[in-house]
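# Structural features, examined
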Protein chains: 2
Amino acid sequence: MSLFTFFNRKGSAPAARERLQILLAHERVHIGGQSDLVTILREEILAVVAKHVTIDPEKVSVTMERGDNVSTLEVDIEIPLHAEKKVEKKAA
Amino acid sequence: MSLFTFFNRKGSAPAARERLQILLAHERVHIGGQSDLVTILREEILAVVAKHVTIDPEKVSVTMERGDNVSTLEVDIEIPLHAEKKVEKKAA
């Protein structure tokens, strides 16, 4: 099942609220490789999102896991409906 | 199946090369919805990654899909092994 199908839940009821989900996975060759790219990218990616959408810190869930070969970051952001306006003004 | 399990393929052979996968999904309330957050975030997220890892444009695959309620962005980056060094020097 490709990741995309997980998101594209055709036929399910339209969302009651806007949501942005971000998943990052870093697959390393060496077990426990030194740098942790996911940790390094986390703050900067959240900063990029915050530039375009008003984010309520209480509506952001961040889950990080570090396995032998794979580190993952899951960010789930509930977006207040009016937050999008900020984006449109820029795009117009 | 949570997205995380898709990445954390326990027991599978260690990766032959380093890989970074990014998945972004924007679930909208209104069908069609004006702005396309995923398109807006795409370039900036790639720029954040490029700051920390040497990226070979030929080893980056970007897939974007826009459904009625959900837009998704999938980025798959093959990372050359020495690229990580750039990250370590900064961290030391």
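All values reported here derive from a predicted model rather than from experimental measurement. (Residues numbered from 1 in each chain as written. Chains lettered and ligands numbered in written order. Predicted model: local features only at pLDDT ≥ 70, side-chain atom pairs only at ≥ 80, totals over all residues. Heavy atoms only, no water.)

### A few points about the overall build of chain A
Which entries qualify depends on this criterion: Only runs of H or I of at least four residues qualify as helices and only runs of E of at least two qualify as strands under DSSP, and these elements are numbered from the N terminus. Partly exposed residues are those whose accessible area sits between 20% and 50% of the maximum for their type, while under 20% is buried and over 50% is exposed, using a 1.4 Å probe and protein chains only. Note on definitions: a residue-residue contact is assigned when non-hydrogen atoms from the two residues lie within 4.5 Å.
Scanning chain A from terminus to terminus reveals three helices and three strands. Reading chain A from its N terminus to its C terminus gives the helix and strand order α-β-α-β-β-α. Looking at chain A as a whole, 43% of its 92 residues are labelled buried. In chain A, the proportion of contacts linking residues at least 24 apart, taken out of those at least 6 apart, comes to 68%.

### A few points about the pairing of strand β1 (residues 18-27) of chain B
Spelled out, the test is: At least two DSSP bridges between two strands are required for those strands to pair.
In terms of residue burial, β1(B) counts as a mostly covered element, since 10 of its 10 residues are buried. Burial along β1(B) is two-sided: the face carrying B:Glu18, B:Leu20, B:Ile22, B:Leu24 and B:His26 and the face carrying B:Arg19, B:Gln21, B:Leu23, B:Ala25 and B:Glu27 are both buried. In this sheet, β1(B) lies alongside strand β1 (residues 18-27) of chain A in antiparallel orientation, the contact comprising nine bridges. In the strand pairing of β1(B), A:Arg19 is matched with B:Glu27. Strand direction decides the pairing type here: β1(B) and strand β3 (residues 70-79) of chain B, joined by 10 bridges, are antiparallel. Bridge assignment links B:Arg19 to a residue of β3(B), and that residue is B:Glu78.

### Observations regarding the sheet that holds β1(A)
We apply this condition: Structural elements are reduced to axes, namely lines fitted to C-alpha atoms, with helices fitted over the stretch in contact, and the angle between N-to-C directions of any two is expressed from 0 to 180 degrees.
Spatial strand order, β2(A)-β3(A)-β1(A)-β1(B)-β3(B)-β2(B): six strands in an open sheet with antiparallel pairing. Pairing within the sheet leaves two strands with one partner each, and these edge strands are β2 (60-66) of chain A together with β2 (60-66) of chain B. For this sheet the average axis-to-axis angle between neighbouring strands, irrespective of direction, equals 5°. Contacts from helix α2 (residues 37-52) of chain A reach β1, β2 and β3 (70-79) of chain A together with β1 and β3 of chain B, with the element oriented near 155° to β1(A).

### Focus: the side chain of B:Glu18
Test applied: A residue counts as positive if it is Lys or Arg and as negative if it is Asp or Glu; His and the chain ends are not included. Within this document, salt bridges are pairs made up of a side-chain nitrogen of Lys or Arg and a carboxyl oxygen of Asp or Glu, the two lying within 4 Å of each other. The definition of a polar contact used here is a pair of N or O atoms within 3.5 Å, where within protein one atom must be able to donate a hydrogen and the other to accept one, and adjacent residues in sequence count solely through side-chain atom pairs.
Looking at the secondary structure, you find B:Glu18 in strand β1. Comment: no salt bridge for buried B:Glu18; closest opposite-charge side chain is A:Arg28, at 6.0 Å. Separated by 3.0 Å, the side chains of B:Glu18 and A:His26 make a polar contact.

### Details of the packing of α2(A) against helix α2 (residues 37-52) of chain B
Keep this limit in mind: What makes a crossing left-handed is the near helix being turned counterclockwise from the far one by less than a right angle; a clockwise turn instead makes it right-handed. Any residue outside Ala, Val, Leu, Ile, Met, Phe, Trp, Tyr, Cys, Pro, Asp, Glu, Lys and Arg is labelled polar, Gly included; the first ten of those are nonpolar and the last four are charged.
Here α2(A) crosses α2(B) at 145°, and the two axes come no closer than 10 Å. Read as a crossing pair, α2(A) and α2(B) show a hand that is right-handed. From α2(A), A:Leu37, A:Ile40, A:Leu41, A:Glu44, A:Ile45, A:Val48, A:Val49, A:Lys51 and A:His52 reach across to α2(B), where they touch B:Leu37, B:Ile40, B:Leu41, B:Glu44, B:Ile45, B:Val48, B:Val49, B:Lys51 and B:His52. Here the residues of the contact of α2(A) with α2(B) are counted per class, giving 12 nonpolar, two polar and four charged.

### A short note on the pattern of salt bridges
Scanning all chains against the criterion turns up 10 salt bridges over all chains. Among the salt bridges present, the one from B:Arg19 reaches B:Asp76, with a minimum N-O distance of 2.7 Å. Here B:Asp76 lies in strand β3 and B:Arg19 lies in strand β1, a separation of 57 residues in the sequence. Classification of B:Asp76 by relative accessible area gives partly exposed; the value is 21%. Among the ionic contacts, a cluster of salt bridges with common partners joins A:Arg19, A:Asp76 and B:Glu27.

### Some words on the nonpolar core
Put simply, the rule is: Only buried residues count toward a nonpolar core. Its members are Ala, Val, Leu, Ile, Met, Phe, Trp, Tyr and Cys residues joined through side-chain atoms within 4.5 Å.
By size, the foremost hydrophobic cluster in this structure holds 30 residues, and its most contacted members are A:Leu20, A:Leu24, A:Leu41, B:Leu20, B:Leu24 and B:Leu41. Going through the elements one at a time, β1, α2 and β3 of chain A together with β1, α2 and β3 of chain B are the ones with two or more residues in this core. For A:Leu41, the residues in contact, after removing those within four places along its chain, are A:Leu24, B:Leu20, B:Val48, B:Val49 and B:His52.

### Some details on the confidence of the model for chain A
All names here are of chain A. The condition is simple: Along the chain, pLDDT gives the predictor's confidence residue by residue, from 0 to 100.
Confidence in the prediction of chain A, expressed as mean pLDDT, is 74, and 65% of residues score 70 or more. Mean pLDDT across the elements of chain A bottoms out in helix α1 (residues 3-7) (47) and peaks in β1 (90). Scored below 50 in pLDDT, residues 1-6 shows 14 contacts in the model against residues more than four places distant or in partner chains. With pLDDT under 50 throughout, residues 85-92 is counted as low confidence; its partners more than four residues away or in other chains account for 14 contacts.

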